[in-house]
Amino acid sequence: MQNAPLIDPFARAITYLRLSVTDRCDFRCTYCMSEAMQFLPRADLLTLEELDRLSSAFIALGVRKLRITGGEPLVRKGIMTLFQSLSRHLASGALEDLTLTTNGSQLARYADDLAACGVRRINVSLDTLDADKFAAITRWGKLGPVLDGIAAAQAAGMRVKINTVALKGVNEDELFTLTDWCAKAGHDLTFIEVMPMGEDMGDALRLGQYWPLTDLRARLAARYGMTELPLRTGGPARYVRLDATGQQIGFITPLTHNFCESCNRVRATCTGQLYMCLGQNDMADLRAPLRASSDDAALTAAIRAAIARKPKGHDFDYTRAPALAGAGAVKGQMPRHMSHTGG
Ligand code: SAM
Ligand code: SF4
């Protein structure tokens, strides 16, 4: 049946697509890209029309949540036309949630347009509130415009979730400052454990910055009091409520295996490669069937064939390594950059 929902071999319904619309970025975050990052030739990228067709094919197959990401999605030229066209799926009720993950640099400019397209929630990555540290982490970024962008998103009526990568010795001392800032502004906050992505990233540096969320979480619990929330989103996030502030805090530990059984998501790159699992190299090329015909039959068949190969779980073996301080402890390291698969 053409429109039967996407169910993988482990009986998981695939209802969430994360779509990278560009591998380019106006920042060079140290844990994400090298400063001399080589980007893909523009001709390899799906056009905005192709990105729409790809998303719409997934929506026709039961995807209810679509997250636009990158690279930095808001530096893709003409990106608002994609949001505008995708908003028809919100209007029809086929799509529940259209959202994006952004570094916030262009948000002041686009917040109103995004809200007008039906974007109700937005994830903004922010690792520090200190302007010098922000410049050091992002290499090319400035804190001020990002804070302005967050304020603009909020003023436009969007709910903001801050994503903070936990970096030992970098933002460790800002744990409570960031938490209090989010509580005051009414933003949700999620911490992400740093992942070994991309072969040229300097593992020694990243392993030195590895700050296990178990430790971060214990520090928050001691200061604020903490209640576990049953909320599950089908991804690697776990949620708690801080007793003192009432705010919801998420913890993303992508290197643990404990979420794979409820995994509801796949990731598509800006060149139309579909990754069925963040921690596995297997992927399906959707650009060829997309370009082979203006009819979606071949594309739909390729999506179904890919979902039939979705693996049970991923191969990361990093948090289990006994001596994280020692470089070389990373097994199952992924050669891809987060900016390629969109995180
Ligand atoms: N440019 C956008 C942004 O920064 O939000 C979207 C793409 S970015 C690749 C998505 C998320 O991945 C960001 O929250 C970023 O902090 C996170 N990220 C990038 N590299 C990471 C790594 N090595 N480990 C953990 N998170 C990482
Ligand atoms: Fe760009 Fe986001 Fe990667 Fe930072 S984390 S370099 S903002 S893609």
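See above for the structure.
Residues numbered from 1 in each chain as written. Chains lettered and ligands numbered in written order. Predicted model: local features only at pLDDT ≥ 70, side-chain atom pairs only at ≥ 80, totals over all residues. Heavy atoms only, no water.

S.K.: Could you give an account of the nonpolar core, naming the residues involved and the relevant values?
M.R.: Among the nonpolar cores identified, the biggest contains 87 residues, and F58, I68, F83, L114 and L274 are the most heavily contacted of them. Here L114 is in contact with L74, M80, F83, L100, L107, V119, I122 and M158, once residues within four sequence places are set aside. (Core = buried A, V, L, I, M, F, W, Y, C linked by side-chain atoms within 4.5 Å. Buried < 20%, exposed > 50% of the residue type's maximum accessible area, 1.4 Å probe, protein only. Contact = heavy atoms within 4.5 Å.)

S.K.: Can you lay out the packing of helix 1 (residues 48–60) against helix 2 (residues 79–92) for me, pointing to particular residues and giving the numbers?
M.R.: For the pair helix 1 and helix 2, the least separation of the axes is 10 Å and the interaxial angle reads 25 degrees. What the angle tells us is that helix 1 and helix 2 run roughly parallel. Here helix 1 runs over helix 2; the crossing is right-handed. On helix 2, the residues touching L48, L51, D52, S55, S56 and I59 of helix 1 are I79, T81, L82, S85, L86, R88 and H89. (Axes fitted to C-alpha atoms, helices over the stretch in contact; angles between N-to-C directions. Helix = DSSP H or I, 4+ residues; strand = E, 2+ residues; numbered from the N terminus. Parallel < 35°, antiparallel > 145°, perpendicular 65-115°, else oblique. Left-handed = near helix turned anticlockwise from the far one by under 90°.)

S.K.: Which residues make up the sheet that holds strand 1 (residues 16–20), and what values do they have?
M.R.: Across the sheet, 12 strands lie side by side as 7-8-9-6-5-4-3-2-1-10-11-12; this open sheet has mixed pairing. The sheet is open, and its two borders are formed by strand 7 (226–228) and strand 12 (283–285), each paired with just one other strand. Neighbour to neighbour, the strand axes of the sheet diverge by 25 degrees on average, direction disregarded. Across 3 bridges, strand 3 (residues 97–102) lies against strand 4 (residues 121–125) in parallel orientation. Considered in strand 4, the bridge of L100 is made with I122. Of the strands in this sheet, strand 1, strand 2 (65–69), strand 10 (265–268) and strand 11 (273–275) touch helix 1, which is tilted by about 170 degrees from strand 1. (Pairing = 2+ DSSP bridges.)

S.K.: Explain helix 8 (residues 213–224) to me, using residue names and the numbers behind them.
M.R.: Across its 12 residues, helix 8 extends 16 Å between first and last C-alpha, which sits within 8% of the 16 Å expected from 1.5 Å per residue. Restricting attention to buried positions, one finds in helix 8 the residues L213, L216, L220 and Y224. The arc enclosing the buried residues of helix 8, seen along the axis, measures out at 60 degrees, which places them on a common side. Along helix 8, exposed side chains directed more than 90 degrees from the buried face belong to T214 and A222. Against strand 5 (159–166), helix 6 (175–185), strand 6 (188–193), strand 7, strand 8 (237–242) and strand 9 (248–252) lie the buried residues of helix 8. Downstream of helix 8 by one or two residues, G225 has phi in the positive range, about 80 degrees. (Expected span 1.5 Å × (residues − 1). Arc of directions from axis to C-beta.)

S.K.: Tell me what's going on with the site of ligand 2, and back it up with residues and numbers.
M.R.: Near ligand 2 you find C25, F27, C29, C32, M33, G71 and N103, and these make up its full shell. A class-by-class count of the residues in the shell around ligand 2 yields 5 nonpolar, 2 polar and no charged. (Near = heavy atom within 4 Å. Nonpolar A, V, L, I, M, F, W, Y, C, P; charged D, E, K, R; others polar.)

S.K.: Break down the side chain of S55 for me, with residues and values.
M.R.: As for its placement among the helices and strands, S55 is situated in helix 1. Beyond its immediate stretch of four places on either side in the chain, S55 contacts L17, L19, L66 and L86.

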